[in-house]
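Descriptive structure summary
Below are the chains, spelled out letter by letter.
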2 protein chains.
Amino acid sequence: MQPTPFQQIVKHLTDDRTPRVWSLLVTVFGELAQDAGSRISGAVLRALSAQIGIKPEAMRVALHRLRKDGWIDSERTGRTSVYFLTPWGRAQSVAASPQIYAVDAPAAHAWLVMCNPAQPLQAEDITGVWLSSHVLLTAEVPLAPEVYSSALSPDTRLPVWMTDKVCDDATVAMTTMLAQALETLEDRLNATPDLDRLEIAALRVLLVHSWRRIVLKTPSLPDYVFPDDWRGALCRERVSALLTRYPKPQLDALEAAIAAPLTP
Amino acid sequence: MQPTPFQQIVKHLTDDRTPRVWSLLVTVFGELAQDAGSRISGAVLRALSAQIGIKPEAMRVALHRLRKDGWIDSERTGRTSVYFLTPWGRAQSVAASPQIYAVDAPAAHAWLVMCNPAQPLQAEDITGVWLSSHVLLTAEVPLAPEVYSSALSPDTRLPVWMTDKVCDDATVAMTTMLAQALETLEDRLNATPDLDRLEIAALRVLLVHSWRRIVLKTPSLPDYVFPDDWRGALCRERVSALLTRYPKPQLDALEAAIAAPLTP
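Structural notes, computed from the coordinates. (Residues numbered from 1 in each chain as written. Chains lettered and ligands numbered in written order. Predicted model: local features only at pLDDT ≥ 70, side-chain atom pairs only at ≥ 80, totals over all residues. Heavy atoms only, no water.)

To continue, consider the sheet that holds strand β1 (residues 40–41) of chain B. Neighbouring strands of a sheet are bound in pairs by backbone hydrogen bonds; such pairs are parallel or else antiparallel. All names here are of chain B. Taken together, the three strands give an open sheet; going across it, the order is β1-β3-β2, and neighbouring strands pair in antiparallel fashion. Every other strand in the sheet has two partners, leaving β1 and β2 (72–77) as the edge strands with one partner each. Across six bridges, β2 lies against strand β3 (residues 80–85) in antiparallel orientation. Bridging across to β3, S74 finds its partner in Y83. (Pairing = 2+ DSSP bridges. Helix = DSSP H or I, 4+ residues; strand = E, 2+ residues; numbered from the N terminus.)

Structure, rendered in structure tokens:
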């Protein structure tokens, strides 16, 4: 069977590899059902998963795992089930959203901070990337008089061993691949003008998920302290533009579309 | 016996404590007989030491020690002895002179340099004050691409633990005392207008020696990275001004003055 244009888009965006299903479902709940009281029907989850190329059995296993791990819970109403984030799962999702959906870089400025080696700060006192036991890169304005701080700028030359500690090679490589995929995605989308609600929801889930896998592994520091081949800024920009171009469908509308598939 | 005005000046400048004699004699040789072939008679050494309040026996012991340690050697000519730096002693003296006699701070700029903690620079690769195994303050422009460097300026706020590593409390306290002594010394000198050659030579030796004890203990870094109560810059300035006001007497002239004490 010839793949549909949208299936080709999915293949392109997932590099023809099915994403880890439980992790993708976390993105789905965060995208569509993060509000308290929000519930997704099994039918919508199945339809979305199918769009992304996930088999029903794999989805059932993933839902089981998420429930066991305390991320979600479910309820049966008559012949159908609805799924929803637990309070703990919702808290995780809410906490990660600002980083995932941010339009701008997580920080505009960074400092190199050196603490007294004889009295190093604790990791809980300040967030950032520790370069050694008493030196870190941070986006928090360091006010303590007992630390030395040096403001970094896009012109500051940082040695490679330092930027390597900000982001590992594998994650940097992910940004290269995603940036390339997003670049050609636009042409494909222009050639596929009429995405239905479900396809738009699936597209958004894939975009958010691809970027989430990168951004949640990286520190909240400005792009200029990242390795030279970091393309995170470009990924963030392109994902943001596409999420704006394809606004989020309301969950109610998706449920209605699934319930009455012949009335798009 | 009432002390002479110059003896009062000496007491003031030495804080009424006799300096360590062998160390003071190193200053004397550096000041008066650093040139190759330059020799000082025992008579001039005795006369200078007497001016500074050093007893002849203490001077003989110190000369013996300096000879044993390889700093100086001596020769008898008839009834008198002459003393001179060995090649090694002269090399030490020549090496220290630029720092001791410098009119300006040893450096105008400083950098904080951080090396890769996994591959720290060796102490012989770069000079400066090590703040930890891989971070140092240096006046050398750091060019290596594998180090991070941050230019420091007089406006850079350095924490106390950092400036404390540049100069210890005892040495900082010495600058406070010397700066105070030098401040009132000027009034005393104005009240004692007619110093003879030998007194001028003794005054210069005391000034150079007092500053040498401080400066040779401190790193070649700009004054602004020193602790807040460091008065080294003031000491350097006042010592320089006095050395300019009292030019160095020629050794020949001193020898002649000693040989014919009644013809000043």
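A few words now on the relation of the copies chain A and chain B. Mapping chain A onto chain B leaves a residual RMSD of 0.1 Å; the transformation is a rotation of 179° accompanied by 0.0 Å of translation along its axis. Both copies are brought into coincidence by an operation consistent with a two-fold rotation axis. Nearest to the rotation axis, the C-alpha of S150 of chain A is located 3.5 Å from it, this being the minimum over chain A. A share of 100% of the interface residues of chain A reappears at the interface of chain B, consistent with the copies meeting face to face through the same patch. (Least-squares fit on C-alpha atoms with pLDDT ≥ 70 in both. Contact = heavy atoms within 4.5 Å.)

Across the contact, 22 residues belong to chain A and 22 residues belong to chain B. Across the chain A/chain B interface, buried area totals approximately 1700 Å², and carbon plus sulfur atoms make up 64% of it. Counting the contacts that link chain A with chain B gives 11 residue pairs in polar contact (both at pLDDT 80 or more). Put simply, the parts of the chain that give the side of chain A that touches chain B at least two residues each are β4 (110–114), β5 (129–132), β7 (148–152) and α6 (160–166) of chain A. Sorting elements by how many residues they give to the side of chain A that touches chain B places β7 of chain A first, with three residues. The residue inventory of the side of chain A that touches chain B, partitioned by class, reads 15 nonpolar, five polar and two charged. (Buried area = accessible area lost by both parts, 1.4 Å probe. Polar contact = N/O pair within 3.5 Å; in protein donor to acceptor, adjacent residues only side chain to side chain. Nonpolar A, V, L, I, M, F, W, Y, C, P; charged D, E, K, R; others polar.)

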